[in-house]
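As a plain string of letters, each chain reads:
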Amino acid sequence: MHLAVFAQGLGAAHSVWKSPRTSPGRLHTLEHWAETARTAEEGKLDAVFVADALVLPDSIGSDVGERPDPVSVLSALSAVTSRIGLIGTSSTTYNDPFTVARQFATLDHLSNGRAGWNIVTTAIAGASGNYGSAELPEHEARYERGEEFVEVVLKLWDSWEPGAIAADRASGVYADRDRIHQIGHRGKHFQVRGPLTLPRPPQGRPLLAQAGSSPTGLNLAARFADMVFTTQYDPDAARTLVRTVRELSAAKGRSPHDVKVLPGLTPVLGRTEDEARELARELGSLISPEATLSFMRQAFGGIDLSGYDLDEPFPDVRKQLPAHAGVSRPALLISTALDEKLTISQVIQRVGLSIGHRCLVGTPDRVADDMAHWFETHAADGFNVIPADLPGGLRDFVAEVVPRLQDRGLFRKEYQGGTLREHLSG
């Protein structure tokens, strides 16, 4: 199976900065990020995955909400790691294709072929005010722009042929200009001349990831992506998604297995089931309902649940989701809450521990059993592991769960290749 670590601040759990398992004073240091990346590399994970948000959350007064620039963080990590992949999020709504192509090509060169771009269209309405827009474009419009955006980035990466740099001192020829091409792109959203300002990346094209499982998002993934990061709770539904991705990929002329599907998973581990539940209870006790409701309001496109009694059943607000909102995760959260008859307070606890992804509380054997079942029954090609706290939660996973997966022959014991693309194809 394939494993990445979703590295978010001090961990995914809301208000985890109050836990003695974390060190808030180290959050914005290279040491914090380097420890996370090196721990993942020790576990032979495929990649470190750094997400992004383009607006400071309202909950910043009581919870960690800062987001450093992913490309800057990963560029620093390229110097303190040697094998692990480096995937960063960059928005197609609030960026320019030339800039993104240049950034990730540079990261791929610096890391000797370990760069990956997580393609997002940005679903957080508040980001528009930071980029001079009155409002966030609607979902379909963002993806239309996003698809052309990726087309341009790929053309720019291809604008230098292999071997364009001759560096022939005897002849005085540094670059073969016949192997460097303008792209002359003229589309609905972008006009880009090219070529890129640096040679073709070591991987040819840095790996492409796509987050989300809306129909529009999956169509984009089927055309371009090497990896899909998704939210899934039920293995049957996850298998359906995997089949959909395979069918869409084949329809786009690709191999059905070109795209790896990695659901998010938050493991909360203990030597015994009781110890794991106690850690989950301890982390859950730190969650501020106000901060988590603020997170949900942002994720749900502005829907505010703060006026409800938290002990009431979770309301069906699916029809209130605005057109600009992200589609897949809010709809899944709401449907799950309604199906399981959860209260608002219970949903807050689930979201607060794992930012809305599946949380698995138990011993290392139980977690390994669950992951193996999903993988062996084709519900997932692997997992994007989202530790509740960092770096401690990742250390526990690497020390206890990874060896169990290795012993079962389900995960590598050593890296076989040097590039991120080789990790994902192995």
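The following paragraphs examine the structure supplied in this document. Along each chain, residues carry numbers from 1 onward, in the same order as the chain's sequence is written. pLDDT decides what is reported in this predicted model: residues at 70 or higher carry local features, side-chain atom pairs at 80 or more are listed and counted, and totals for whole chains, interfaces and linings draw on all residues regardless. Side-chain numbers come from the whole structure's heavy atoms, not from hydrogens or water.

Take the overall build of the chain next. Per the secondary structure count, the chain includes 13 helices and 13 strands. Taken over C-alpha atoms, the radius of gyration comes to 21 Å for the chain, in line with the 22 Å a tight globule of 426 residues would show. With the C-alpha coordinates aligned to their principal axes, the bounding extent of the chain is approximately 75 × 50 × 45 Å. Counting the 426 residues in the chain, one finds 55% classified as buried. Helix and strand assignments come from DSSP, with helices taken as H or I runs of at least 4 residues and strands as E runs of at least 2, each series counted from the N terminus. What the globule rule says is 2.2 Å times the number of residues to the power 0.38, and the radius of gyration is computed from C-alpha atoms. The classification of residues rests on relative accessible area computed with a 1.4 Å probe and restricted to protein chains. Under 20% of the type maximum is buried, over 50% is exposed, and intermediate values are partly exposed.

This part takes up helix α8 (residues 289–299). Those residues of α8 lying buried are A291, T292, L293, S294 and M296. Summarising the contacts, the buried residues of α8 are in contact with α10 (344–354). After α8 finishes, the residue G301 shows a positive phi value of roughly 70 degrees. Two residues qualify as a contact provided that any one of their heavy atoms is within 4.5 Å of a heavy atom in the partner residue.

Turning next to the packing of aromatic side chains. Working definition: a ring pair exists when centres of Phe, Tyr or Trp rings (six-membered ring for Trp) sit within 6.5 Å. Plane angles under 30 degrees give stacked, over 60 give edge-to-face, the rest tilted. In total, this model carries eight aromatic pairs according to the counting rule given. Between W117 and F149, the aromatic rings sit 5.8 Å apart at their centres with planes inclined by 50 degrees, giving tilted as the arrangement. Of the two residues, W117 is situated in strand β4 (residues 115–120) and F149 in helix α4 (residues 139–157); the sequence distance between them amounts to 32 residues. For the residue pair W117 and F149, the accessibility class agrees, reading buried in each case. One aromatic cluster in this structure is built from F104, W117, F149 and F190.

It is worth spelling out the side chain of Q8 at this point. Topologically, Q8 is positioned in the loop between β1 (2–6) and α1 (30–42). Given a relative accessible area of 16%, Q8 falls into the buried group. If we skip the residues at most four places from it in the chain, Q8 touches R67, I355 and L390.

Turning next to the packing of helix α5 (residues 215–224) against helix α6 (residues 235–251). Every axis corresponds to a line fitted to the C-alpha atoms, with the helix fit spanning only the stretch in contact, and the corresponding angles, defined between N-to-C directions, vary from 0 to 180 degrees. It is at 8 Å that the axes of α5 and α6 come closest, and there the two elements cross at 55 degrees. When the axes of α5 and α6 are compared, the pair comes out oblique. You can see that α5 and α6 cross each other, and the crossing is right-handed. On α6, the residues that touch L218, N219 and A222 of α5 are L241, T244, V245, L248 and S249. Under the scheme applied, nonpolar residues are Ala, Val, Leu, Ile, Met, Phe, Trp, Tyr, Cys and Pro; charged residues are Asp, Glu, Lys and Arg; polar residues are all the others, including Gly. Each residue belonging to the contact of α5 with α6 can be placed in one class, and the counts come to five nonpolar, three polar and no charged. Comment on the angle field: the value is read as roughly parallel under 35 degrees, roughly antiparallel over 145, roughly perpendicular from 65 to 115, and oblique elsewhere. Note on convention: near helix rotated counterclockwise from far helix by under a right angle means a left-handed crossing. Clockwise means right-handed.

Moving on, we get to the packing of α1 against helix α12 (residues 392–407). Remark: α1 packs on α12, axes separated minimally by 9 Å, with the N-to-C direction vectors making an angle of 10 degrees. The angle between α1 and α12 places the two elements in the roughly parallel class. Within the contact between the two elements, α1 uses E35, T36, T39 and A40 and α12 uses L394, R395 and V398. Across the contact of α1 with α12, the residue classes break down as three nonpolar, two polar and two charged.

Let's shift gears to the nonpolar core. Soluble globular proteins: nonpolar side chains tend toward being buried together. Here, the term nonpolar core denotes a set of buried Ala, Val, Leu, Ile, Met, Phe, Trp, Tyr and Cys residues that are joined through side-chain atoms within 4.5 Å. With 66 residues, the main nonpolar core has L3, W117, W157, M371, F383 and L405 as its most contacted residues. No other element matches α4, which puts eight residues into this core. M371 has contacts with M1, L3, L265, F383, F397, V401 and L405, leaving out every residue within four places of it along the chain. In this structure, L10, L293, L305 and I348 belong to the second largest nonpolar core, which totals 28 residues.

Time to look at the environment of D309. Within the secondary structure, D309 is located in the loop between α8 and α9 (328–339). For the pair D309 and I344, spaced 35 residues apart in the sequence, the C-alpha separation amounts to 7.8 Å. Here the side chain of D309 touches D311 through a polar contact of 2.9 Å, landing on its backbone nitrogen. For the purposes of these results, a polar contact is taken to be a pair of N or O atoms within 3.5 Å, where, inside protein, one atom must be able to donate a hydrogen and its partner to accept one; residues adjacent in sequence count only when each atom of the pair is a side-chain atom.

In this section: unusual backbone geometry. The residue after G194, namely P195, is reached through a cis peptide bond having omega -5 degrees. Counting through the fold element by element, P195 comes out in the loop between β8 (191–192) and β9 (207–211). Phi angles above zero are rare outside glycine, and S15 is one such case at about 65 degrees. Relative to the elements of secondary structure, S15 occurs in the loop between β1 and α1. With a phi close to 60 degrees, N112 is a non-glycine residue in the positive phi region. Relative to the helices and strands, N112 is located in the loop between α3 (97–110) and β4. For N112, a relative accessible area of 61% corresponds to the exposed category.

Taken residue by residue, a regular strand's side chains alternate between the two faces of the sheet. With five of its five residues buried, β1 lies for the most part within the structure. Of the two faces of β1, both are covered, the one formed by H2, A4 and F6 as well as the one formed by L3 and V5. Two strands form a pair only when DSSP identifies at least two bridges running between them. Relative to strand β13 (residues 382–385), β1 runs parallel, the two being bridged by four bridges. Bridge pairing links V5 to V385 in β13. The pairing of β1 with strand β2 (residues 47–50) spans three bridges and is classified as parallel. Considered in β2, the bridge of A4 is made with A47. Looking down the strands as they point away from you, a crossover is right-handed if its path from the first strand over the helix to the second goes clockwise. The parallel pair β1 and β2, bridged by α1, forms a crossover whose chirality is right-handed.

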